[in-house]
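Residues per chain, in single letters:
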Amino acid sequence: MKDRIAQIVTTFLGLGYFPFAAGSIASAVGGFLAYFFSDEPLVYIAIFLIVTAAGFAFSSRMEKIAGEKDPSCIVIDEFSGALIAFFMLPMSWPVFWAT
């Protein structure tokens, strides 16, 4: 059961198994989430902290499941990275697309 939870969390609901550009797609999803929660900084910070903590908690287990160091199916770090990259930026479409 813990292995399945680790897979779901670290692959961001299975997105990490997408055949190409899974990390880029996870970053884009993080960017869209940042855009929609930019007016709610406490919610934004809470989402970032939860996602980042989940990444730390489950990534090593997923590495053992995959049998390799930093497997490409782990995309929660890209999602979390997008959230931190967009934090406190003025959210407008030009800023979003330029970043």
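Details of the structure are given in the entry above.
Attention in this report is confined to the structure presented alongside it. Residue indices begin from 1 for each chain and proceed along its sequence in written order. Totals for whole chains, interfaces and linings use all residues, but because this is a predicted model, local features are given only for residues with pLDDT of at least 70 and pairs of side-chain atoms are given and counted only at 80 or more. Hydrogens and water molecules were not included; the side-chain quantities draw on all heavy atoms of the structure.

### Topic: the side chain of Thr10
Moving on, step 1. Helix and strand assignments come from DSSP, with helices taken as H or I runs of at least 4 residues and strands as E runs of at least 2, each series counted from the N terminus. Among the secondary structure elements, Thr10 is positioned in helix 1 (residues 2-10).
Moving on, step 2. Polar contacts, as counted here, are pairs of nitrogen or oxygen atoms within 3.5 Å of one another; within protein the pair requires one atom able to donate a hydrogen and one able to accept it, and residues that are adjacent in sequence qualify only if both atoms are side-chain atoms. A polar contact of 2.7 Å, which involves the side chain of Thr10, links it to the backbone oxygen of Ala6.
Moving on, step 3. In contact with Thr10, not counting residues within four places along its chain, are Phe58, Ser59, Met62, Cys73, Ile74, Val75 and Ile76. The contact rule is simple, with two residues in contact once any of their heavy atoms fall within 4.5 Å.

### Details of helix 4 (residues 76-86)
Moving on, step 1. The classification of residues rests on relative accessible area computed with a 1.4 Å probe and restricted to protein chains. Under 20% of the type maximum is buried, over 50% is exposed, and intermediate values are partly exposed. Those residues of helix 4 lying buried are Ile76, Phe79, Ser80, Ala82, Leu83 and Phe86. Buried residues of helix 4, viewed axially, fall in a sector of 155°; they line one side. Our arc is simply the arc of the directions from the helix axis toward the C-beta atoms.

### Overview of the packing of helix 2 (residues 22-37) against helix 3 (residues 41-66)
Moving on, step 1. Angles here are taken between N-to-C directions and fall from 0 to 180 degrees, while the axes themselves are lines fitted to C-alpha atoms, restricted in helices to the stretch in contact. Following both chains from N to C, one finds helix 2 and helix 3 inclined at 155°, their axes separated by 9 Å at the closest point. The angle between helix 2 and helix 3 places the two elements in the roughly antiparallel class. Touching Leu33, Ala34 and Phe37 of helix 2 are Pro41, Val43, Tyr44 and Ile47, all from helix 3.
Moving on, step 2. For the contact of helix 2 with helix 3, the class distribution of residues is seven nonpolar, no polar and no charged. An angle below 35 degrees is treated as roughly parallel, one above 145 as roughly antiparallel, one from 65 to 115 as roughly perpendicular, and anything else as oblique. Ten residue types, Ala, Val, Leu, Ile, Met, Phe, Trp, Tyr, Cys and Pro, are classed as nonpolar, four, Asp, Glu, Lys and Arg, as charged, and the remainder, Gly among them, as polar.

### Structural notes on the packing of helix 1 against helix 3
Moving on, step 1. Two numbers describe how helix 1 lies on helix 3: the axes approach to 8 Å, and their chain directions differ by 115°. The orientation of helix 1 relative to helix 3 falls into the category roughly perpendicular. Handedness of the crossing formed by helix 1 with helix 3: left-handed. Across the interface between the two elements, Lys2, Asp3, Ile5, Ala6, Gln7, Val9 and Thr10 from helix 1 touch Ala54, Phe58, Ser59, Arg61, Met62 and Ile65 from helix 3.
Moving on, step 2. Residues of the contact of helix 1 with helix 3, tallied by class, amount to seven nonpolar, three polar and three charged. We call a crossing left-handed when the near helix sits turned anticlockwise from the far one by less than a right angle, and right-handed when that turn is clockwise.

### Thoughts on the environment of Thr52
Moving on, step 1. Of note, Thr52 is situated in helix 3.
Moving on, step 2. You can call Thr52 buried: its relative accessible area is 18%.
Moving on, step 3. Each C-alpha atom, one on Thr52 and one on Ala66, is 20 Å from the other, the two residues being 14 residues apart in sequence.

### Some remarks on the nonpolar core
Moving on, step 1. Counting 13 residues, the largest nonpolar core has Ala34, Tyr44, Ile76, Leu83 and Phe86 as the members making the most contacts within it.
Moving on, step 2. Looking at this core, the elements that each hand over two or more residues are helix 3 and helix 4.
Moving on, step 3. Per-element tally for this core: the top contributor is helix 3, with five residues. For the purposes of this section, nonpolar cores are sets of buried Ala, Val, Leu, Ile, Met, Phe, Trp, Tyr and Cys residues that join through side-chain atoms within 4.5 Å.

### Overview of the packing of aromatic side chains
Aromatic ring pairs are described here by two measures, namely the spacing of the ring centres and the angle between the planes.
Moving on, step 1. Stacked, tilted and edge-to-face pairs are distinguished by plane angle, under 30 degrees for stacked and over 60 for edge-to-face with tilted covering the rest, among Phe, Tyr and Trp rings (Trp via its six-membered ring) whose centres lie within 6.5 Å. A complete count under the given rule lists four aromatic pairs for this structure.
Moving on, step 2. Note on Phe18 and Phe20: the rings are 5.2 Å apart at their centroids and 55° apart in plane angle, and the pair reads as tilted.
Moving on, step 3. Residue Phe18 is classed as partly exposed on the basis of its relative accessible area, which comes to 37%.

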